[in-house]
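Notes for the structure review
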Amino acid sequence: MPEIFLIIACILAFIVALLALAAQLRVLNFIDYRSDRAVVRLNRYAAARLAVPIAVNLGSGCLGLEWPEYTLPLLFLAPVSILSAVIWIAAGANGVNLRAELE
């Protein structure tokens, strides 16, 4: 059962790699991209923030391997960490957009 954390971490790592390496793509559908310069800045901003759920899931996987009885309670951390990262990205997107317009 702890393998689910590795699967979630791999999916998130793919999204982070997509955001970091293909920074010109408008991947995030909940963000208002105001300019082309903002696309690159927002994607890199989001990639850095999505590293937190990856770390949470990898840590949960390690704890689940060591103590399998904690796997089910740790499973609730995955959606909470992803949701908090999405809120963090959405909250900071306005500031990143404004900085991209000023440059």
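Here is a short report on the structure shown in this document. (Residues numbered from 1 in each chain as written. Predicted model: local features only at pLDDT ≥ 70, side-chain atom pairs only at ≥ 80, totals over all residues. Heavy atoms only, no water.)

Okay, the overall build of the chain next. Along the chain, the regular secondary structure elements total 5 helices and 0 strands. Taken from N to C terminus, the helices and strands of the chain fall in the order α-α-α-α-α. The burial tally for the chain puts 36% of its 103 residues in the buried class. Taking contacts inside the chain between residues at least 6 apart in sequence as the whole, the part at least 24 apart equals 69%. Counting every atom, the chain has about 6,200 Å² of accessible surface; 71% of that belongs to carbon and sulfur. (Helix = DSSP H or I, 4+ residues; strand = E, 2+ residues; numbered from the N terminus. Buried < 20%, exposed > 50% of the residue type's maximum accessible area, 1.4 Å probe, protein only. Contact = heavy atoms within 4.5 Å. Areas by Shrake-Rupley, 256 points an atom, 1.4 Å probe, with all protein chains shown as cover.)

End to end, helix H3 (residues 51-66) covers 23 Å across 16 residues, agreeing with the expected 22 Å (1.5 Å per residue, within 8%). Residues of H3 that are buried include every one of Pro53, Ile54, Asn57, Ser60, Gly61 and Gly64, and no others. The buried residues of H3 occupy an angular sector of 130° when projected down its axis, which confines them to one face. Exposed side chains of H3 directed beyond 90 degrees from the buried face belong to Ala55, Cys62 and Glu66. (Expected span 1.5 Å × (residues − 1). Arc of directions from axis to C-beta.)

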